[in-house]
Amino acid sequence: MAIFHFHVSAIQRSKGQTAVAAAAYISGQRLKNNRTEEVHDYVRRGGVLAHSLKPEGWDGTLDELVNEMENSEQRKNSVVGRSLLLALPHELSA
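Here we summarise the structure given alongside this text. For clarity, every value in this text was computed on a predicted model and none was experimentally measured. (Residues numbered from 1 in each chain as written. Predicted model: local features only at pLDDT ≥ 70, side-chain atom pairs only at ≥ 80, totals over all residues. Heavy atoms only, no water.)

Secondary-structure assignment places H40 in strand 3 (residues 38-41). When sequence neighbours within four positions are dropped, the list of residues in contact with H40 reads T18, V20, A21, A24, Q29, R30, L31 and N33. (Helix = DSSP H or I, 4+ residues; strand = E, 2+ residues; numbered from the N terminus. Contact = heavy atoms within 4.5 Å.)

Residues L62, L65, V66, N67 and E70 constitute the buried set of helix 2 (residues 62-72). Here the buried face of helix 2 lies against helix 1 (19-27), strand 2 (30-33) and strand 4 (79-87). (Buried < 20%, exposed > 50% of the residue type's maximum accessible area, 1.4 Å probe, protein only.)

Residue position: S27 is located in helix 1. In this structure the side chain of S27 is engaged in a polar contact, spanning 2.7 Å, whose partner is the backbone oxygen of A23. If near-sequence neighbours (up to four positions away) are discounted, S27 is found in contact with V48, H51, L53 and L62. (Polar contact = N/O pair within 3.5 Å; in protein donor to acceptor, adjacent residues only side chain to side chain.)

With that settled, the discussion passes to helix 1. Listed as buried for helix 1 are A19, V20, A21, A23, A24 and S27. Buried residues along helix 1 sit in contact with strand 1 (5-12), strand 2, strand 3, helix 2 and strand 4. Remark: G28 follows helix 1 within two positions and exhibits a positive phi of approximately 70°.

Before going further, it helps to spend a moment on a nonpolar patch on the surface. Taken together, F4, F6, V8, L84, L86, L88 and L92 make up a surface patch of nonpolar side chains, about 770 Å² in accessible area. Mapped onto the nonpolar patch, the elements with two or more residues apiece are strand 1 and strand 4. Counting through the fold element by element, V8 comes out in strand 1. (Patch = residues over 30% accessible without salt bridge, like charges linked within 9 Å, V, L, I, M, F, W, Y side chains within 5 Å. Areas by Shrake-Rupley, 256 points an atom, 1.4 Å probe, with all protein chains shown as cover. Salt bridge = Lys/Arg side-chain N within 4 Å of Asp/Glu carboxyl O.)

Next comes the structure, spelled out in C-alpha cells:
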C-alpha cells in the first residue's frame, strides 16, 4: 500500500526563487514577472490535474496576485511565498 506525501517549503529571494516562477510551474501557465520583466512559460508541462493558488475573495487574475506577492517584500532575502505539495497514491481513483 502506498502512502501520501506532504511537503511545505518557502519561496525565498535569497535562493533566486520568485513567486511568479513558482506559480507558473505549479499551475502550468504562462506568467510575467513585472519586477524583472521575465516571462515564465510552463504551458507544455503535463500532469497538472488541479491547483488552488488564488485565495477566496480574490477577484483578480493569478498573474496579478503573484506580482502583488513579489511587490509586497522589498528585501533581497525575503520570503515571498510558501509552497504546499500534496501527492496522493496513484492507486486512488481521480
